[in-house]
Amino acid sequence: MADLDAFITGLPKAELHLHIEGSLEPEQMFAFAKRNGVVIPFDSVEDIRAAYSFSRLQDFLDIYYQGAAVLQTEQDFRDLAYAYFTRAHADAVRHAEIFFDPQTHTDRGIAFETVARGLFAGMDDAQRDFGITSRLILCFLRHLDEEAAFATLAQAKPWLDRIAGVGLDSGEIGNPPSKFARVFAAAADQGLRRVAHAGEEGPPAYVTEALDLLGIDRLDHGNRALEDPALVDRLARAGMTLTVCPLSNLKLCVVNDMAAHPIPRMLALGLKATINSDDPAYFGGYVNDNYRALAASTSLGRADFATLARNSFTGSFLPPEEIARHLAALETYVAEAAA
Ligand SMILES: Nc1ncnc2[nH]cnc12
Ligand SMILES: [Zn+2]
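None of the values given here were measured: they were computed from a predicted structure. Position numbers for residues count from 1 along each chain, tracking the sequence in the order it is written. Here chains are named by letter from A upward and ligands by number from 1 upward, in the order in which they appear as written. A pLDDT threshold of at least 70 governs which residues receive local features in this predicted model, and a stricter bar of 80 or more applies before side-chain atom pairs are shown or counted, although totals over entire chains, interfaces and linings include all residues.

**Here's the deal with the sheet that holds strand β3 (residues 133-141)**
Part 1 of the argument: Two strands qualify as a pair provided that DSSP identifies no fewer than 2 bridges between them. Only DSSP runs of H or I reaching four residues or more are called helices, and only runs of E reaching two or more are called strands; each is numbered from the N terminus. Taking strand neighbours across the sheet as the criterion, the 8 strands line up as β1-β2-β3-β4-β5-β6-β7-β8 in an open arrangement whose pairing is parallel. With one partner strand each, in any of the chains shown, β1 (13-19) and β8 (272-275) form the two edges of the open sheet. Going from strand to strand, the sheet's axes swing by 25 degrees on average, the running direction of each strand aside.
Part 2 of the argument: When strand β2 (residues 93-100) meets β3, the two strands line up parallel, connected through 6 bridges. For F99, the partnering residue across the bridge sits in β3 and is I137.
Part 3 of the argument: This entry defines residue contacts through backbone-placed C-beta atoms, with two residues in contact when those atoms are within 7 Å. Helix axes are fitted only over the stretch in contact, all axes being lines through C-alpha atoms; the angle between N-to-C directions runs from 0 to 180 degrees. Contacts from helix α7 (residues 112-130) reach β2 and β3, with the element oriented near 155 degrees to β3.

**Quick word on the nonpolar core**
Part 1 of the argument: Nonpolar cores are built from buried Ala, Val, Leu, Ile, Met, Phe, Trp, Tyr and Cys residues. These are joined into a set through C-beta atoms within 7 Å. Burial is judged by counting the other C-beta atoms within 10 Å of a residue's own C-beta: 20 or more makes it buried, 12 or fewer makes it exposed, and any count in between marks it as partly exposed, with every C-beta position built from the backbone. I20, F100, L119, I137 and A210 are the most contacted members of the largest nonpolar core, which totals 93 residues.
Part 2 of the argument: In this view, I137 contacts E97, I98, F99, A164, G165, V166, G167 and V195; residues no more than four positions away in its chain are not counted.

**Concerning the UniProt feature "domain: Adenosine deaminase" (unreviewed entry) in the protein chain**
Part 1 of the argument: UniProt positions are given in the numbering used here, feature names are shortened, and annotations may be inferred rather than shown by experiment. On the UniProt side, "domain: Adenosine deaminase" (unreviewed entry) is annotated at positions that read residues 12-324 here.
Part 2 of the argument: Measuring from the first to the last C-alpha atom of residues 12-324 gives 13 Å, for a span that is 50% helix and 16% strand.

**Section: the site of ligand 1**
Part 1 of the argument: The rule is simple: place the C-beta atom from the backbone, and if it lies within 6 Å of a molecule or strand, the residue is near it. Close to ligand 1 lie H19, G22, L57, D169, S170, H197, E200, S248, D278 and D279.
Part 2 of the argument: Put simply, Ala, Val, Leu, Ile, Met, Phe, Trp, Tyr, Cys and Pro go in the nonpolar bin, Asp, Glu, Lys and Arg in the charged bin, and everything else, Gly too, in the polar bin. In terms of residue class, the shell around ligand 1 is built from 1 nonpolar, 5 polar and 4 charged.

**Section: the packing of helix α5 (residues 74-90) against α7**
Part 1 of the argument: It is at 7 Å that the axes of α5 and α7 come closest, and there the two elements cross at 35 degrees. In this structure, α5 meets α7 at a crossing whose hand is right-handed. Where α5 approaches α7, its residues E74, Q75, D76, F77, R78, L80, A81, Y82, F85 and H89 are matched on the opposing element by T114, V115, R117, G118, L119, A121, G122, M123, D125, A126 and F130.
Part 2 of the argument: Looking at the contact of α5 with α7 residue by residue, the class counts come to 11 nonpolar, 5 polar and 5 charged. Here a crossing is taken to be left-handed if its near helix is turned anticlockwise relative to the far helix by less than a right angle, and right-handed if that turn runs clockwise.

Below you can see the structure in the form of structure tokens.
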């Protein structure tokens, strides 16, 4: 077990499902609130952590959108991103494709440009200091309407060279992918890749809609796809990458027990699963904590974790030669660990 922990620690990997606003640690929340003069309804870091008890996705989203209010300046977004990359670097993350929710900020008067410039500064500094590469994925908040999503896509226009794609997040039930079919088509016309949260809490039919109506290149979560064997078969045949988030699933009661987490079943069914942290500051850990939680509670071993890390590179939006370079480094690592 200690051996497997050490293997996971140094295993080169990519992270493909990380909401940058969800990496806001309680300590940072206090620091940003103080420097920006924002009042938050908590007295201490312990107070904040104690509030992180959720029985479903919406419980978390309410507190997550509230926390994001401390983010005000370009410097805040830069520091937030840089702090995430510092932790990711310690977890042997070589490449990250990170979500941001512009509407969470523009709706409270923060300019899109402030968010974008700050995040890009953090990404650039991390590449310089740690060699981590990264891309942004712009998520539309699905509890808002199509018109608001179109307005956000228009605001992103000057930054599209550094935005890999669009995504869909926030409250899933009652907000099916079909609501955003036209804005996803517009994003595709602008050369953007497409991903969507589907099958986290929502039914398998939402996964089918994400495939048919949004033309997704990658599926975020996808847990409930397992309820539909024909859909599983379709995802496996398509080689669709699933960005799965074990600690998030546990915290949001998508699974009741880590020992029953579906990742082993996904691998056995031929699905291209990956392990990710989702909102690490809220769910109890960064990407390696997610690998380790599965190592501790399931029978997955080195070969499985190597497969999951391989999937993280092949499922990324990196160019093929970059993927090949990362895979070669991963194989060297695996071979040396076995020697
Ligand atoms: N796990 C999640 N599901 C939906 N929306 C989110 N926004 C941040 N994390 C999310
Ligand atoms: Zn997510």
